[in-house]
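Listed below, chain by chain, are the residues.
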Amino acid sequence: MTKKTSKILLLTTGGTIASRPGEGGLAPSIGAKEILDAFEGSCPEAAISYEELLNLDSANVQPEHWQIIARRVFERLSEYDGIVVTHGTDTMAYTAAALSFMLRNLRKSVVLTGSQMPIDEPGTDAISNLHTAVSVVLCGIAGVTLAFDRLVINGVRAVKSSTVDFGAFESVNAPPMGILRADGMSVLSRSTVRVEDGANVILDSALCPDVFLLKLVPGTKPEIFQTLLDMGYRGIVIEAFGLGGVHCEGRDLIAGIKKISDAGIPVVVCSQCLHGPSDLSVYEVGTRLLDAGVIQGADMTTESAVVKLMWALGKTKDRSEIAKIFAANYAGESGGLPPLKH
Ligand code: ASP
């Protein structure tokens, strides 16, 4: 019996995987063909074509680039069983979240990967990571995922948690979707989304990039909110303390938040803690925040909350409509944890 060959497109965008040392340090310079040549032979069940879309250090990948990547994936997906996007690790989790919201009704695999070492350095993790990404397509895990260090993570659950470990990413507040083992891919979840029969893939890539992420420290001044508004920001995500605490004695952040919230600016509250949900109903400072009109980030990663707010603001500036968008689960970004018992 002949094994079916999967058709895969390798779409490259830069990152360490494509970098070589230059005068000023590592910079992307290896093209898509060289990346594919280095991988050639590692996965005979895949017929891989390539396209070089961008060649950036992912520190330079910004919302406009997410739109370019989403559009290209949308344009080319019908020709393939899946698309592997190589990308720098630094902002890969943001791009993964963005593609998750922008590409709706995905029944095929769109997999982001990269590496901690350039593909042409001895000991590189690039080949193994590409192998994991290609395996995601071969075993048909649908939706946007991030494949790294033999782990497959839902695109809206990935967080880069280590600068130098080969296991650079974690699946936060949700189990991974797959783990590549010696005996093949152990699939824990087949798809990031439930897609209605007959629904076509939709490109839904409008965005408003004017979202600010504010990480609180003890003593943050309430005036910061008006300053952000004056600078043109249209949405704010706050990384608050623990379950969602903010200070309101001495320096009254809640008054500052209420003022901009009353002015129609959506404010989403997440936790500074990497693991576990935020829940504003537990402490008095939290319930006062809810009264001030904030939207709960619940168990979303900060990356997903920021991108979802940009995406929601791309559709509407109405704060109550944005609250409805946040209450809905589009790609597994929320509802990954059971509710807290109190
Ligand atoms: N600075 C690189 C980038 O994000 C880091 C990496 O790819 O690992 O493009």
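As shown above, the structure is provided for reference.
Treat the numbers as computed from the prediction; the structure is a model and nothing was measured.

Trainee: Quick question: what am I supposed to make of the pattern of salt bridges here?
Mentor: Two side chains carrying opposite charge are able to pair once their charged atoms lie near each other. Enumeration according to the criterion identifies 15 salt bridges in this entry. Here Arg20 and Glu34 are joined by a salt bridge, their closest N and O atoms 3.2 Å apart. Note that Arg20 is positioned in strand β2 (residues 19-22) and Glu34 in helix α1 (residues 32-39), a separation of 14 residues in sequence. Judged by its relative accessible area of 36%, Glu34 falls in the partly exposed class. Glu79 is the partner of Arg76 in a salt bridge, and the nearest nitrogen-oxygen pair spans 3.1 Å. Residues joined in a network through salt bridges with shared partners are Glu51, Arg71, Arg72, Glu75, Arg76 and Glu79.

Trainee: Just checking my understanding: could you explain the site of the ligand for this structure?
Mentor: Around the ligand lies a shell formed by Gly15, Thr16, Asp57, Ser58, Gly88, Thr89, Asp90, Ser115 and Gln116. Here a nitrogen atom of the ligand and a side-chain polar atom of Asp57 are 3.1 Å apart.

Trainee: Would you take a moment to explain the sheet that holds strand β16 (residues 235-240) for this structure?
Mentor: Here four strands make up an open sheet; going across it, the order is β15-β16-β17-β18 and the pairing parallel. Two strands lie at the open edges of the sheet, namely β15 (211-215) and β18 (295-296), each paired on one side alone.

Trainee: Is there a simple way to explain helix α8 (residues 302-315) in this structure?
Mentor: The periodicity of an α-helix, 3.6 residues per turn, causes residues three or four positions apart to be oriented the same way. Taking 1.5 Å of rise per residue, 14 residues should cover 20 Å, and α8 covers 20 Å from first to last C-alpha, within 8% of that figure. Looking only at α8, the buried set comprises Thr302, Glu303, Ser304, Ala305, Val306, Val307, Lys308, Leu309, Met310, Trp311, Ala312 and Leu313.

Trainee: Looking at this structure, I do not really get unusual backbone geometry. What am I missing?
Mentor: Working note: non-glycine residues mostly have negative phi, and peptide bonds are mostly trans. Within the chain, Asp149 stands out as a residue other than glycine whose phi angle is a positive 50°. Here Asp149 is to be found in the loop between β8 (143-148) and β9 (151-154). The class of Asp149 is partly exposed, set by a relative accessible area of 39%. Within the chain, Asn173 stands out as a residue other than glycine whose phi angle is a positive 60°. Overall, Asn173 belongs to the buried group, its relative accessible area being 9%.

Trainee: Can you walk me through the sheet that holds strand β12 (residues 178-181) in this structure?
Mentor: By way of backbone hydrogen bonds, the strands of a sheet pair with one another, either parallel or antiparallel. Strands sit in the order β4-β1-β5-β7-β8-β9-β12-β13 across an open sheet of eight strands; the sheet is mixed. The sheet is open, and its two borders are formed by β4 (46-56) and β13 (184-187), each paired with just one other strand. For this sheet, the mean inter-axis angle between neighbouring strands, taken without regard to orientation, is 20°. The pairing of strand β1 (residues 6-14) with strand β5 (residues 82-86) spans five bridges and is parallel.

Trainee: Explain the packing of aromatic side chains here, please?
Mentor: This structure, assessed with the given rule, holds four aromatic pairs. For the ring pair Trp311 and Tyr330, a centre distance of 4.9 Å and an interplane angle of 80° mean the geometry is edge-to-face. A residue pair is termed long-range when its members are at least 10 positions apart, and Trp311 in helix α8 and Tyr330 in the segment after α9 (319-327) qualify at 19 residues. The buried category is assigned to Trp311, whose relative accessible area is 0%. Taking relative accessible area as the criterion, Tyr330 reaches 24% and is therefore assigned partly exposed. Ring-pair connections join several aromatic residues into one group, and the members of that group are Phe101, Trp311 and Tyr330. The ring centre of Tyr80 lies 5.2 Å from the NZ or CZ of Lys7, which sits over that ring. Over the ring of Phe326 we find Lys308, and its NZ or CZ is 5.2 Å from the ring centre.

Conventions we followed
Residues numbered from 1 in each chain as written. Predicted model: local features only at pLDDT ≥ 70, side-chain atom pairs only at ≥ 80, totals over all residues. Heavy atoms only, no water. Salt bridge = Lys/Arg side-chain N within 4 Å of Asp/Glu carboxyl O. Helix = DSSP H or I, 4+ residues; strand = E, 2+ residues; numbered from the N terminus. Buried < 20%, exposed > 50% of the residue type's maximum accessible area, 1.4 Å probe, protein only. Near = heavy atom within 4 Å. Polar contact = N/O pair within 3.5 Å; in protein donor to acceptor, adjacent residues only side chain to side chain. Pairing = 2+ DSSP bridges. Expected span 1.5 Å × (residues − 1). Axes fitted to C-alpha atoms, helices over the stretch in contact; angles between N-to-C directions. Phe/Tyr/Trp six-rings, centres within 6.5 Å; stacked < 30°, edge-to-face > 60°. Lys NZ or Arg CZ within 6 Å of the ring centre and 35° of its normal.

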